[in-house]
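Descriptive structure summary
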2 protein chains.
Amino acid sequence: MELDERKLQILRAVIDEYILSASPVGSKSIRQSAELNWSPATIRNEMADLEALGYLAQPHTSAGRIPSDKAYRLYVDRMLERAALSEQEQAILNRYYETRIDGIESVLRSTAQALSEITHYTAVVMMPDLAANRLRHLQLVPLAEGKALSVIVTDAGVARDAIIDIPKDMTPDELESLSRTITQRCYNCRMTTVSDRLMREVGAELQSRGDFVKALLTRVEQSAQSGTNMVELSGARNMLRYPEYNDVEKATTFLATVEQRDELYRMLKKASDMEFTITIGSENEQRGLQDCSVVTATYRVNDMPFGTFGIIGPTRMDYNRVVNVLQGVQQNLAAILQSLLKED
Amino acid sequence: MELDERKLQILRAVIDEYILSASPVGSKSIRQSAELNWSPATIRNEMADLEALGYLAQPHTSAGRIPSDKAYRLYVDRMLERAALSEQEQAILNRYYETRIDGIESVLRSTAQALSEITHYTAVVMMPDLAANRLRHLQLVPLAEGKALSVIVTDAGVARDAIIDIPKDMTPDELESLSRTITQRCYNCRMTTVSDRLMREVGAELQSRGDFVKALLTRVEQSAQSGTNMVELSGARNMLRYPEYNDVEKATTFLATVEQRDELYRMLKKASDMEFTITIGSENEQRGLQDCSVVTATYRVNDMPFGTFGIIGPTRMDYNRVVNVLQGVQQNLAAILQSLLKED
DNA sequence: TTTTAGCACTCCGTTATGGCGAGTGCTAAT
DNA sequence: ATTAGCACTCGCCATAACGGAGTGCTAAAA
């Protein structure tokens, strides 16, 4: 049995309706909402076929049908329609981008908030992965005996800092010259190769502090790879709007899952190969997200892939709108990041 | 009518019981849980008195009594008992402090997580207020034509960065020397007085770039005052555990409230005068927190007040435990921050 | 005078019940 | 191949009935 045109139309109508209503849709209501001119009985027959094929399911006998994950998959693969951001959506975005544009990370945070407000789902944004960045500056600032703050700056305009131990006999002047030496030597090195580069040709001026420099650079490379807290999460509470999560039990489970930021990070990181990804329900690896769908897009800086952002919502999410919003935000984001790093 | 010893004992028993059970407590159940040897009838009479005095309330006739905000106030003012952290609590804290100690802010983030795990309430931590800090370093790193990243470092080992516009004809060398001049001139200035100091005695080398320097320093002072996102929030989902928030409606309201970080920041900032504060139910100014209580404590660096952290829970929270936990964490935090900035 | 046993009463929360409505599958007619 | 008609299924909801926990009051006991 194949999916002919009529079956597709009916399937689509069921999905559209279910996305709106969240309750099983029946043969009658479908005929009204979409303008399908077959009789309820015909539609019922087709729906029975669709159920046999695994696209629809019945919560219990004598209830309407709900779409299966397989149906959503078909829907997103074949039935999406392009659309630009609506004026209202664009207005919300602009409001968030008007303020606090003093760095990439703050732009990304605003993006997360805007996304959740626009879609009413949960937004996640991965902070930039510095692995592909190039070192622009390293500064060691003495704080107290044996302690200093190391700050690195990359070509993408991102800074990371960490308090580090230094040899007790190290003077501020020595720290300063060390900063300059490393900056010079590793200027424009990828963050992942900083220590390699420097270690291969350790100069005389570094030799006496070899161990320290080694430890320092390891630290620097570490901090380039983002760890915990490198995901911005916004609007998790939105999920409570939806009947799926009206049960406090389920809501708690969801909130617990998204509070595990490292898991979210791994998920987003994984999605960073692809310009867009849509992961539906059970396709998710994470246990707590198996009743959710995740849609992601990548953002770039200077045409280099930099990170991923996305939307988490119930499986019954408005895929069409979400995809279009992500696309629109992706473009806006590219422009903002561009203007942040290039002359206006 | 005065509160004699017996009334106090009964009031306390009611509060203790209610904190545990979350349901109105009656004269009978109270006698069992506490070992009060008066008969239920006597206890009933006393409870009626306590109600007349405003310490207890009845949800409806023929139900048990629940404590009023006034009762909690009395409780926290007169009935708390000191206790150190339990072994288990200390173990959790240690677990969080073992990892990620590369800066004050990451310690504070871990603190928030630990607090919410230990107490099962919602934890908030205000990121350090740099107003009282002193400048240790300012670095301008060129990024592209007309763009640079400014990084400041304070004596407390905190860095803040922002992408800024620079005059197009400014060379990297000029930026570097500008960085050095400002750092030198303003070394150890309070962050709030940096621009005053520099502007009062603008040197010849800065004169030609006067406008730019002025704008830059304003920016720096701004970023010293924390803005949005300067509150770390952890465990908001914990509130869903409690019957008070079993209603999805209420839970949503709460989550919406705590997602407004600027409001939280203002609240914590206000509490920073006092070593400890306890704000009960309707004493809260924020509308969304009027069914909650907030307990805060301050943290210090080098004996200087630096910020505030605290716990938000239902009005029916275990004040005794929360206060003791905050006190214990305060001590641990002081030690960690100390070790971060002083030689070991 | 204070405390306590006894009792009638109140009211919430839970469970049982029955009707309603939306939907289905099947059959027979178109 | 499509559709009208029909009997049937089940979840949902409002109502009623019930049991339990707790109260206030009164009168007896300490």
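Residues numbered from 1 in each chain as written. Chains lettered and ligands numbered in written order. Predicted model: local features only at pLDDT ≥ 70, side-chain atom pairs only at ≥ 80, totals over all residues. Heavy atoms only, no water.

1. Concerning the relation of the copies chain B and chain A
- Relative to chain A, chain B is turned by 180 degrees and slid 0.0 Å along the rotation axis, the superposed coordinates differing by an RMSD of 0.1 Å. Considering both components of the superposition, the chain copies are consistent with a two-fold axis. Ranked by how close their C-alpha atoms come to the rotation axis, the residues of chain B are headed by Val 248 of chain B, at 3.3 Å.
- When you check the interface residues of chain B against chain A, 100% turn up at the interface there too, and the contact is symmetric in its surfaces. (Least-squares fit on C-alpha atoms with pLDDT ≥ 70 in both. Contact = heavy atoms within 4.5 Å.)

2. Details of the sheet that holds strand 5 (residues 147–154) of chain B
- Taken in spatial order, the three strands make up an open sheet running 4-5-6 (chain B), and their pairing is antiparallel. Of all the strands in the sheet, just strand 4 (135–144) and strand 6 (159–165) of chain B have a single pairing partner and so form its edges. The mean angle between the axes of side-by-side strands here comes to 20 degrees, regardless of whether they run parallel or antiparallel.
- Direction of pairing for strand 5 of chain B relative to strand 6 of chain B: antiparallel, over a ladder of seven bridges. The residue of strand 6 of chain B that forms the bridge with Val 153 of chain B is Ala 159 of chain B.
- The strands touched by helix 13 (residues 319–341) of chain A are strand 4, strand 5 and strand 6 of chain B; relative to strand 5 of chain B, the strand with the most contacts, the crossing angle is about 80 degrees. (Pairing = 2+ DSSP bridges. Helix = DSSP H or I, 4+ residues; strand = E, 2+ residues; numbered from the N terminus. Axes fitted to C-alpha atoms, helices over the stretch in contact; angles between N-to-C directions.)

3. Re the domain arrangement of chain A
All names here are of chain A.
- Partitioning chain A into domains gives domain 1 (5–78), domain 2 (87–127 + 230–343) and domain 3 (131–225).
- Look at where the C-alpha atoms of domain 1 and domain 2 centre, and you get two points 29 Å apart.
- With both sides pooled, the region where domain 1 packs onto domain 2 buries about 920 Å², and carbon together with sulfur makes up 63% of that total.
- When the area that domain 1 buries against domain 2 is broken down by residue, the three leading residues are Ile 19, Asp 69 and Arg 73, summing to 49%.
- Connecting domain 1 to domain 2 are one salt bridge.
- Among the ionic pairs, Arg 73 bridges to Glu 283, the shortest N-O distance being 2.7 Å.
- On inspection of domain 1 and its partner domain 2, the count reaches four residue pairs in polar contact (both at pLDDT 80 or more).
- Among the elements of the structure, helix 1 (5–21) and helix 4 (69–78) are those that each provide at least two residues to the side of domain 1 that touches domain 2.
- The biggest single contributor to the side of domain 1 that touches domain 2 is helix 4, with five residues. (Domains from an automatic or database assignment. Buried area = accessible area lost by both parts, 1.4 Å probe. Salt bridge = Lys/Arg side-chain N within 4 Å of Asp/Glu carboxyl O. Polar contact = N/O pair within 3.5 Å; in protein donor to acceptor, adjacent residues only side chain to side chain.)

4. Here we look at the protein's contact with DNA strand C
- Surrounding DNA strand C, one finds 19 residues, the nearest of these being Ser 27 and Arg 65 of chain A together with Arg 6, Thr 42 and Ser 62 of chain B.
- Per the 4 Å cut-off to the protein, sugar and phosphate atoms form 74% of the nearby atoms of DNA strand C.
- Here a phosphate oxygen of DNA strand C sits 3.1 Å away from a polar atom, N or O, in the side chain of Thr 61 of chain B.
- Among the elements of the structure, helix 3 (40–52) of chain A together with helix 3 (40–52) of chain B are those that each provide at least two residues to the surface near DNA strand C.
- The greatest single-element share of the surface near DNA strand C, amounting to four residues, is contributed by helix 3 of chain B.
- Of the residues assigned to the surface near DNA strand C, the class counts are four nonpolar, eleven polar and four charged. (Near = heavy atom within 4 Å. Nonpolar A, V, L, I, M, F, W, Y, C, P; charged D, E, K, R; others polar.)

5. Overview of the protein's contact with DNA strand D
- Around DNA strand D there are 19 residues in total, and Arg 6, Thr 42 and Ser 62 of chain A together with Ser 27 and Arg 65 of chain B lie nearest to it.
- Per the 4 Å cut-off to the protein, sugar and phosphate atoms form 76% of the nearby atoms of DNA strand D.
- Here a phosphate oxygen of DNA strand D and a side-chain polar atom of Ser 27 of chain B are 2.8 Å apart.
- Elements represented by at least two residues in the surface near DNA strand D include exactly helix 3 of chain A together with helix 3 of chain B.
- The greatest single-element share of the surface near DNA strand D, amounting to four residues, is contributed by helix 3 of chain A.
- Its residues placed into classes, the surface near DNA strand D shows four nonpolar, eleven polar and four charged.

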